[in-house]
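# Structure at a glance
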Amino acid sequence: MFSELIRRVESATPTGRDRALDALRALAIGGVVLGHWLVTALVADSGTVRVASPLRDMPYLAPASWIFQTMALFFLVGGKMATSSHATARARNITYGRWLGIRMARLFQPVAVVLTIWTLVAAVMLTLGADLATVNALAKLVWSPLWFLLVFAALTALTPLVARLHPGWPLATVAFVDLVRFGLGGPAWIGWVNLAAGWLVPYCLGAAWARDRLRDRATGWALLLGGAAATAALVLWAGYPASMVGVPGARISNQSPPTIAAVAFGLAQCGAALLLLGPLRRVLSRPAVWAFVALANLSAMTIFLWHQTAMIAVTALGLLTGQTLPGLHTVPDSPAWVLARLAWLPAFTLALLMCRAAFHAHEHRRHEGPRHSTTTPEQPQSC
């Protein structure tokens, strides 16, 4: 059965497809899922459930966030795909409105399902007498990651305008905003300018990649080494947090909104991704490896939208035992919690596979319109 599936995936893949793009997206998805599962704890406390983070009580785990913070890869790949897709649409005399409408439908149709179901779940929980704080904590876990899709949609809509924008301009904007709010005592709200400017940096790099501007390996090394050095300097001497994800109670978050440290770290990630393209392409020439990556990409949006629900479901089922289970309901304040949480990952994965079986059909509704040459007939583009 598996050999037949591998053969079908291989035969359905166009000859010119750049499999490394799919690998980068799969790595980004895996980083987000594992990151959320490992740094988010649902603590049962006096009849309520609250969210906690092991990074608050164990700050020495901050380097783990460097592995699991992969959002820059999404925007790098997304910028490349959107720029290439828009160029193809223009060549085929397809209007901007039609091109954008198709991409937005692919992006938001699966979102409507998760929002609808979780609105009903929240309403039922409140009706049954669940604590409002608990319902709010759970719903926020599911809905808060959707900020990424809103930013991504906005940048996609602006693709014709930003496709040729040099990444240095949004990078300078992020640095200026941080200077104002941290160095000059400016208002905190100005930081939210970086929500667009910060992710525009890797998006513009992706657009440059689509125009064959990033072929030189020296560019990859410059991004990797320069971004890493800048991140280290900002953390060591400028007071930015070492964690690249938000930590409850922290004075400064590198993600809400993005800081210059987070953007510099993203540049390093983008450089590493460019340097890995060759090795990735060689590994993905193996049909079995490629089949795994291709299937993960077929469910990319479903995985992203439902991975928090999978964790919540396992946690809720654990509460039915009437016991406080280590790594599932306990305070994340010791290495023992980390080991216990790792043991729960297979259960989270199984629950996610069940969500995928139930909801992946909403990710594969057909749309008429242009497709980039790297998209198989079975796979809609989600980036």
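Whatever comes next refers back to the structure up there.
As a starting point, this report considers the structure included with it. (Residues numbered from 1 in each chain as written. Predicted model: local features only at pLDDT ≥ 70, side-chain atom pairs only at ≥ 80, totals over all residues. Heavy atoms only, no water.)

This part takes up the overall build of the protein chain. Broken down by element type, the protein chain carries 16 helices and 2 strands. Compactness check: the protein chain gives a C-alpha radius of gyration of 21 Å against a globular reference of 21 Å for 383 residues, within 12% of the reference. Dimensions of the protein chain, computed from the C-alpha atoms along their principal axes, are close to 60 × 60 × 40 Å. Looking at the protein chain as a whole, 50% of its 383 residues qualify as buried. Intrachain contacts of the protein chain at a sequence separation of at least 6 include 78% that bridge at least 24 residues. Summed over all atoms, the accessible surface of the protein chain reaches about 17,800 Å², with 67% contributed by carbon and sulfur. (Helix = DSSP H or I, 4+ residues; strand = E, 2+ residues; numbered from the N terminus. Rg over C-alpha atoms; globule rule 2.2 N^0.38 Å. Buried < 20%, exposed > 50% of the residue type's maximum accessible area, 1.4 Å probe, protein only. Contact = heavy atoms within 4.5 Å. Areas by Shrake-Rupley, 256 points an atom, 1.4 Å probe, with all protein chains shown as cover.)

Attention shifts here to the state of the cysteines. On inspection of all chains with the given rule, the structure shows 0 disulfides. Note on Cys270: no disulfide assigned, nearest cysteine sulfur contributed by Cys204 at a separation of 11 Å. (Disulfide = S-S within 2.5 Å.)

The tally for this structure, following the rule as stated, stands at 13 aromatic pairs. With 3.9 Å between their ring centres and 0 degrees between their planes, Trp306 and Phe359 make a pair best called stacked. Of this pair, Trp306 sits in helix H15 (residues 300-319) while Phe359 sits in helix H16 (residues 335-359), and the two are 53 residues apart along the sequence. Given a relative accessible area of 3%, Trp306 falls into the buried group. Through a chain of ring-to-ring contacts, three or more aromatic side chains come together here, namely Phe74, Phe75, Trp147, Phe148, Phe152, Trp199, Tyr203 and Phe304. Note that Lys80 overlies the ring of Trp209, its terminal NZ or CZ placed 5.5 Å from the centroid. (Phe/Tyr/Trp six-rings, centres within 6.5 Å; stacked < 30°, edge-to-face > 60°. Lys NZ or Arg CZ within 6 Å of the ring centre and 35° of its normal.)

Tallied over the entire structure, the rule returns 6 salt bridges. Measuring nitrogen to oxygen at the nearest pair gives 3.0 Å for the salt bridge that ties Glu10 to Arg19. Here Arg181 and Asp178 are joined by a salt bridge, their closest N and O atoms 3.2 Å apart. You can see Arg181 and its partner Asp178 sitting in helix H10 (residues 168-183), 3 residues apart, about one turn around the helix. Through salt bridges with shared partners, a single ionic network connects Arg17, Asp22 and Arg25. (Salt bridge = Lys/Arg side-chain N within 4 Å of Asp/Glu carboxyl O.)

Moving on: the nonpolar core. Counting residues in each nonpolar core, the largest one holds 91 residues, and the members touching the most others are Phe74, Phe75, Phe148, Leu149, Trp209, Leu305 and Trp306. Setting aside its immediate chain neighbours within four residues, Phe148 contacts Met71, Phe74, Phe75 and Phe304. (Core = buried A, V, L, I, M, F, W, Y, C linked by side-chain atoms within 4.5 Å.)

Turning our attention to unusual backbone geometry. Across the junction of Ser256 and Pro257, the peptide omega takes the value 0 degrees, indicating a cis bond. We note that Asn93 has phi near 60 degrees; this positive angle belongs to a residue other than glycine. For Asn93, the position within the fold is in the loop between helix H5 (71-91) and helix H6 (96-127). Judged by its relative accessible area of 69%, Asn93 is exposed.

We now examine the pairing of strand S1 (residues 41-45). In terms of strand pairing, S1 meets strand S2 (residues 48-52) through 5 bridges, oriented antiparallel. Bridge pairing links Ala41 to Ala52 in S2. In textbook terms, the turn of a hairpin is the stretch between consecutive antiparallel strands, and for S1 and S2 this stretch comprises 2 residues, one of which, Ser46, has a positive phi near 55 degrees. (Pairing = 2+ DSSP bridges.)

Following the sequence through the fold, Ala208 ends up in helix H11 (residues 194-210). A relative accessible area of 10% places Ala208 in the buried class. Sequence-distant contacts of Ala208, defined by excluding residues within four places in its chain, comprise Arg213 and Leu214.

Bringing the packing of H10 against H11 into the picture now. Helices that pack against each other are described as a pair by the angle of their axes relative to one another and the distance between those axes. Where H10 meets H11, the axes come as close as 8 Å, and the angle between the chain directions of the two elements is 145 degrees. Seen from above, H10 lies across H11 with left-handed handedness. In this structure, H10 contributes Pro170, Leu171, Thr173, Val174, Val177, Asp178 and Arg181 to the contact, and H11 contributes Asn194, Ala197, Gly198, Leu200 and Val201. (Axes fitted to C-alpha atoms, helices over the stretch in contact; angles between N-to-C directions. Left-handed = near helix turned anticlockwise from the far one by under 90°.)

Our next topic: H11. Across its 17 residues, H11 extends 24 Å between first and last C-alpha, which sits within 8% of the 24 Å expected from 1.5 Å per residue. At Val201, H11 shows its largest bend, some 35 degrees, and a proline, Pro202, comes one to four positions later. Across the 17 residues that make up H11, a large majority, 14, are buried. Just downstream of H11 lies Asp212, where phi reads positive at about 60 degrees. (Expected span 1.5 Å × (residues − 1). Bend = angle between axes of the 7 residues up to and from the residue.)

With their axes 10 Å apart at the nearest point, H6 and helix H8 (residues 147-157) run at an angle of 170 degrees to one another. In this view, H6 runs roughly antiparallel relative to H8, as classed from their interaxial angle. On H8, the residues that touch Tyr96, Trp99, Leu100, Arg103, Met104, Leu107, Phe108 and Val111 of H6 are Leu149, Leu150, Phe152, Ala153, Thr156 and Ala157. Across the contact of H6 with H8, the residue classes tally to 12 nonpolar, 1 polar and 1 charged. (Parallel < 35°, antiparallel > 145°, perpendicular 65-115°, else oblique. Nonpolar A, V, L, I, M, F, W, Y, C, P; charged D, E, K, R; others polar.)

With respect to the secondary-structure elements, Ala87 resides in helix H5. With relative accessibility at 46%, the residue Ala87 sits in the partly exposed group. Between the C-alpha atom of Ala87 and that of Ala12, which follows or precedes it by 75 residues, the distance is 24 Å.

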